[in-house]
Amino acid sequence: LILPMDLGIIIPEDSEVHSYLELMKGIRLEKYFDNRKQRIGRNKKNRVQILHAILFGQMVNVRSTREIAKACRNDIRFIYLTGGMNPPSHTLINEVINELNLSLESLMVEINQEIMKREEIEIEKLYVDGTKIEADANKYTFVWTKQVIKSREKLYIKISKAIAKWNEIFKENGYKETKEKTTYKSRYLEKTRNRMIGIVDKLGISFSYGKGKRKTEIQRVYEQITEYRDKLAEYEEKLNIAGERNSYSKTDHDATFMHMKEDHMKNAQLKPGYNVQIGVSKEYIMMVDAYQNRSDQKTFEPFMEKYNLAYERYPKYPVADAGYGSYENYRYCQSKGMGLYQKYNSWAKEKEKKYKTNSYRFDNFKINDEGTRICPKGRKYPEIGRYISSNSKYKKTIIVYECESCEGCSLKKQCTKAQENRQSKIIEGWDTLREEVRNNLDSSLGIELRIQRSIQVEGAFGVIKEDMKFRRFTRTTMIGIKKEIYLIVIGYNLKKYHNKKYRLIS
């Protein structure tokens, strides 16, 4: 008999284990597993204890399944959490992670709620930002949507020529011509191919194969149609996988090729990756998600909806950088009662003297008593028309302005360089939205929020990338990488709680 029998006695009081158990005491981890499935054979090892080892491993930066399995054999903290059970293998640890599916998101939110019971978190303030993280895929496995479309267009021409050749061969026999089209589907070519087989069999024509045997014209056309059918089906599959994206990776179909900050070749090379978005409040990551969009603008609305679903409220002050400022996002914030604290693209430029004194910019044109804008040459720049854009779910009216005449104008070259073919287009109400954003961001509260956004969000990404050494996913597909990023964030928040706890004590 060796004393002490309880390993917890010999673990130091300031160990991360005690902070971890403090937060996990009120969380029932067994509900995240489906206990209805019964396997024949040996009894399964305790999934909850293995999950404790996984979550604690994320907290102390032991993330790989092999490292966790090794720690369960040798590290007293892991042995204590697993109850001294027979150490699990790395395959079993991976199996437990896979059994969780996307319930890791609910677990992350539940842990955050436990932290909120112990700390005052200003949940109405959310600092949002994103970063590109490389996928577990080779950078030369790209498939470009535009290139596939171009190749498909060329294939359409070849198909039409093959069908025309077939019709020319059999029109003398009185057979109905196969219809030529401008575009084709693989299903149509399959039907055409089957019809060809029927005609060939009816006429008793036999195909020849092998070395030294000459193929007939009929056989060549038939084989061409078969080849084109297979190639067209391949293009259709590629476009279906890509969806609305411009690219994807052959080894991870959910990954999109993006520009990464780490560009060791210095040639702006695109790499397969995911756009990871986080929302930080009081130094804790309250929400995280991954998207296939390269731009941050389109991720803002679904990210806020996910935050509302988790915490049953929208943040009053969602603070973000210029990548999120757009007409659609501002209108969305207004509809949900959120403040406009997201910079727009020209926000920083507007503060420059060069921007303010540039007389050729449409925004700097003078306005006469009639309310008409006047160009630098003194000529009128009236509104010539309006149209409603169909690219947005919010009604967006585009107003078009044009100079009354540019003939004989000595400033034409400089002025039209800043405008679009003597025209300027603005969104109705855009000036009002920008004015509200400027007032919000330049207020004392706005300045404080901007400072905190830089500190908290960039600091969180710095810890994840530098301290936790997480720069590339080790899992593939959207389901796999979301599991990984949820575990990373859980470990980050647990570690942050422990550090802040002992920071206050000291």
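### Re the sheet that holds strand β10 (residues 373–374)
- Ordered in space as β9-β10-β11, the 3 strands form an open sheet in which the pairing is antiparallel. Here the strands that pair on one side only, and so sit at the sheet edges, are β9 (366–367) and β11 (380–381).
- With 2 bridges connecting them, β9 and β10 associate as antiparallel partners. What sits directly across from Ile367, in β10, is Arg373.

### Brief notes about unusual backbone geometry
- Residue Glu312 is not a glycine yet carries a positive backbone phi of 60°.
- By secondary structure assignment, the location of Glu312 is in the loop between α10 (300–311) and β7 (317–320).

### Considering the packing of aromatic side chains
- Scanning all chains against the criterion turns up 20 aromatic pairs.
- An angle of 35° between the planes, with centres 5.9 Å apart, marks the rings of Tyr184 and Tyr188 as tilted. Taken as a pair, Tyr184 and Tyr188 share a single burial class, namely buried.
- By way of ring pairs, the aromatic residues Phe362, Phe365, Tyr381 and Tyr401 are connected into one cluster.
- The aromatic ring of Tyr188 is capped on one face by Lys181, whose charged end is 4.1 Å from the ring centroid.
- In this arrangement the basic side chain of Arg373 is found over the ring face of Tyr401, its NZ or CZ atom lying 5.9 Å from the centre.

### A short note on the pattern of salt bridges
- According to the stated counting rule, one finds 39 salt bridges in the structure shown.
- Among the ionic pairs, Arg471 bridges to Glu466, the shortest N-O distance being 2.1 Å.
- With a relative accessible area of 37%, Arg471 lands in the partly exposed category.
- Here the salt bridges share partners, and the residues they tie into one network are Glu350, Asp363, Asp431, Arg434, Glu435 and Arg438.

### Quick word on the pairing of strand β13 (residues 396–402)
- When you tally the buried positions in β13, you get 6 out of 7 residues, the bulk of the element.
- Strand direction decides the pairing type here: strand β12 (residues 383–389) and β13, joined by 6 bridges, are antiparallel. In the sheet register, Tyr387 faces β13, and the bridge partner there is Ile398.
- What sits between the antiparallel neighbours β12 and β13 is a turn of 6 residues.
- Bridge analysis of β13 against strand β14 (residues 423–427) gives 5 bridges, and the strand direction is antiparallel. The residue of β14 that forms the bridge with Ile398 is Ile427.

### Considering the nonpolar core
- Of all hydrophobic cores here, the largest spans 100 residues; its most connected members are Leu29, Ile54, Leu55, Leu107, Ile278, Ile285 and Val288.
- Top contributing element to this core by residue count: helix α16 (residues 477–505), with 11 residues.
- In this structure, Leu107 is in contact with Ile27, Leu29, Tyr32, Leu55 and Ile490, ignoring residues within four places of it in sequence.
- Judged by nonpolar contacts, the second largest core, of 25 residues, contains Ile159, Ala162, Met196 and Val200.

### Comments concerning the sheet that holds β14
- Read from one edge of the open sheet, 3 strands run β12-β13-β14, paired in antiparallel fashion. In this open sheet, the two strands that pair with only one neighbour each are β12 and β14. The sheet shows a mean angle of 25° between the axes of neighbouring strands, taken without regard to direction.

### Thoughts on the environment of Ala162
- Assignment of secondary structure puts Ala162 in helix α7 (residues 145–170).
- Sequence separation between Ala162 and Val221 is 59 residues, and the spatial gap between their C-alpha atoms is 6.1 Å.

### What to know about the packing of helix α14 (residues 430–442) against helix α15 (residues 444–467)
- Packing of α14 against α15 leaves a shortest axis separation of 4 Å and a crossing angle of 75°. Relative to α15, the element α14 lies roughly perpendicular. For the pair formed by α14 and α15, the contact residues are Asn440, Leu441 and Asp442 on the first element and Ser444, Gly446, Ile447 and Arg450 on the second.
- Considering only residue class, the contact of α14 with α15 consists of 2 nonpolar, 3 polar and 2 charged.

Reading the values: the criteria
- All chains use their own residue numbering, which begins from 1 and follows the written sequence.
- Local features in this predicted model are restricted to residues whose pLDDT is 70 or higher, and side-chain atom pairs enter the listing and the counts only when it is 80 or higher, whereas totals over whole chains, interfaces and linings include all residues.
- Side-chain calculation: all heavy atoms of the structure are included, whereas hydrogens and water are not.
- A pair of strands is treated as paired once DSSP finds two or more bridges between them.
- Secondary structure follows DSSP: runs of H or I at least 4 residues long count as helices, runs of E at least 2 residues long count as strands, and numbering of each begins at the N terminus.
- Each aromatic pair joins two rings of Phe, Tyr and Trp (for Trp, the six-membered one) with centres within 6.5 Å, and gets the label stacked for planes under 30 degrees apart, edge-to-face for over 60, and tilted for any other angle.
- Partly exposed residues are those whose accessible area sits between 20% and 50% of the maximum for their type, while under 20% is buried and over 50% is exposed, using a 1.4 Å probe and protein chains only.
- Distance and angle both matter: a charge sits over a ring if NZ of Lys or CZ of Arg is within 6 Å of the ring centre and within 35 degrees of the ring normal.
- A carboxyl oxygen of Asp or Glu within 4 Å of a side-chain nitrogen of Lys or Arg is what we treat as a salt bridge.
- As used in this record, nonpolar core signifies buried Ala, Val, Leu, Ile, Met, Phe, Trp, Tyr and Cys residues forming a set joined through side-chain atoms within 4.5 Å.
- Working rule for contacts: check all heavy atoms of both residues, and any pair within 4.5 Å makes them a contact.
- Here the axes come from fitting lines to C-alpha atoms, over the contacting stretch only for helices, and the angles between their N-to-C directions go from 0 to 180 degrees.
- Roughly parallel covers angles under 35 degrees, roughly antiparallel covers those over 145, roughly perpendicular covers 65 to 115, and oblique covers all other angles.
- Under the scheme applied here, ten amino acids are nonpolar (Ala, Val, Leu, Ile, Met, Phe, Trp, Tyr, Cys and Pro), four are charged (Asp, Glu, Lys and Arg), and all others, including Gly, are polar.

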